[in-house]
Amino acid sequence: MVTNQVSGEAAAIRPEIFDERECSLGEGPLWHPQRETLYWVDILSRRLLGKGPDGVQAWELGEMPTAIGWVDRERLLVACESGLNLFDVESGQKQLLCTLEPDIPSNRSNDGRADPWGGFWIGTMSKNGEAGCGNLYRWYRGTLRKLVEGLSVPNGLCFDRRRNLGYYADSAENLIYRLALDPDTGWPSGAPEIFLDFREQGMIPDGAVLDVDGGLWTSLWDGARTVCYGPDGKERGALFAATPRTTCPAFGGPDYTDLYVTTAAVGVENAADTPTPAGVTLVFKNAVKGRPEPAVVLEGA
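So, how was this worked out
Residues numbered from 1 in each chain as written. Predicted model: local features only at pLDDT ≥ 70, side-chain atom pairs only at ≥ 80, totals over all residues. Heavy atoms only, no water. UniProt positions renumbered as here; feature names shortened; annotations may be inferred. 1 Å grid on protein atoms, 1.4 Å probe; cavity = no way out; pocket = protein on both sides within 12 Å on 5 of 7 lines; lining within 4 Å. Points joined across faces, edges and corners; volume = space filled by probe spheres on them. Helix = DSSP H or I, 4+ residues; strand = E, 2+ residues; numbered from the N terminus. Nonpolar A, V, L, I, M, F, W, Y, C, P; charged D, E, K, R; others polar. Buried < 20%, exposed > 50% of the residue type's maximum accessible area, 1.4 Å probe, protein only. Phe/Tyr/Trp six-rings, centres within 6.5 Å; stacked < 30°, edge-to-face > 60°. Lys NZ or Arg CZ within 6 Å of the ring centre and 35° of its normal.

- Looking up the chain in an unreviewed UniProt entry gives the name SMP-30/Gluconolactonase/LRE-like region domain-containing protein, with the organism given as Microbulbifer thermotolerans.
- The UniProt entry for the chain carries the following comment under Sequence similarities (unreviewed entry): "Belongs to the SMP-30/CGR1 family."

1. A closer look at the layout of surface pockets
Logical step 1: Put simply, the largest pocket is a space of about 380 Å³.
Logical step 2: Contributing to the lining of the largest pocket are 22 residues, with Pro-116, Phe-159, Leu-210, Arg-291 and Pro-292 lying nearest its centre.
Logical step 3: If you list the elements that add at least two residues to the lining of the largest pocket, you get β2 (26-32), β10 (107-114), β14 (154-160), β18 (204-210) and β22 (246-252).
Logical step 4: Here the lining of the largest pocket is composed, by residue class, of 14 nonpolar, 1 polar and 7 charged.
Logical step 5: Together, 14 residues line the second largest pocket, and Leu-25, Val-153, Asn-155, Asp-206 and Trp-221 are the ones closest to its centre.
Logical step 6: Counting only elements with at least two residues in the lining of the second largest pocket, the list comes to β10 and β18.
Logical step 7: Of the residues belonging to the lining of the second largest pocket, the class tally is 8 nonpolar, 3 polar and 3 charged.

2. Focus on unusual backbone geometry
Logical step 1: Phi angles above zero are rare outside glycine, and Glu-101 is one such case at about 50°.
Logical step 2: Note on Glu-101: relative accessible area 8%, which makes it buried.
Logical step 3: Within the chain, Asn-164 stands out as a residue other than glycine whose phi angle is a positive 55°.
Logical step 4: Along the polypeptide, Asn-164 turns up in the loop between β14 and β15 (165-170).

3. Quick word on the packing of aromatic side chains
Logical step 1: A full pass over the atoms with the stated rule returns 10 aromatic pairs.
Logical step 2: With a centroid separation of 5.7 Å and 15° between ring planes, the pair formed by Trp-31 and Tyr-260 is classed as stacked. Of this pair, Trp-31 sits in strand β2 while Tyr-260 sits in strand β23 (residues 258-263), and the two are 229 residues apart along the sequence. Per residue, the accessibility class of Trp-31 equals that of Tyr-260, and both read buried.
Logical step 3: Measuring from centroid to centroid gives 6.0 Å for Tyr-140 and Trp-187, while their planes differ by 75°, and the two rings are edge-to-face. Of this pair, Tyr-140 sits in strand β12 (residues 134-140) while Trp-187 sits in the loop between β16 (175-180) and β17 (193-197), placing them 47 residues apart in sequence.
Logical step 4: The exposure class of Trp-187 is buried, given its relative accessible area of 15%.
Logical step 5: A cation over an aromatic ring shows up here: Arg-145 above the ring of Trp-187, its NZ or CZ 3.8 Å from the ring centre.

Right under this line is the structure:
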């Protein structure tokens, strides 16, 4: 039963395995509204994955892909460790749009998402996990601008156009931030403020997405669940996965009532022996109503 008055009933929705391929570090799921296909990445295996009407797909990219947006029917924006790229799903070719921190080779991209104004936000982090080395950027119609610096593991990028808000997490700090955005341009109009503080609980927020009512669903690394928080910061409910490292949620399906969740096998002992094998991609069907992801607008469009 779909309801956006999320409650403890959400816990009764059991996940199904959408794709059984084991991902070392599955992340960045994106439902392409024109192709009716879910795309996601396995960061450590340097693969872009897909599953939809065209069947099961996989592309080796030669560097770590970390986040995805869609441009049109044929092209994705794929954030890789060294830059943002256009990727043609028909030909399998990628074309560099812009580099990311070429002067900091020890950094790589991490989580990213398109915003409702046609921009694409992308975080960076140290490949070695050094604290405070990451930054947050917005790429907008050909221009890359730094927005926040000094982050450790930027994650959880998502946007509420109704309230002109953006959200992002610093997973290493156990915090989710909220950022006011200009309603006309999508650029920040104020300083970030803490929205959710998980430091006392020790919970690690990873990827996130918003439902139609502005509820923020964040997957918890080593938490085996994806939890919903309302715009007031109060917990509304959770969807539980029988595998520990849930990484990122995405809405999809014909009416956007399916919630897909990527997971990770890295660091999970006996990953194949967990109740749900670690690293598979899950779907909670008929769970809660989401929205289509906005397209990324290229320069001059």
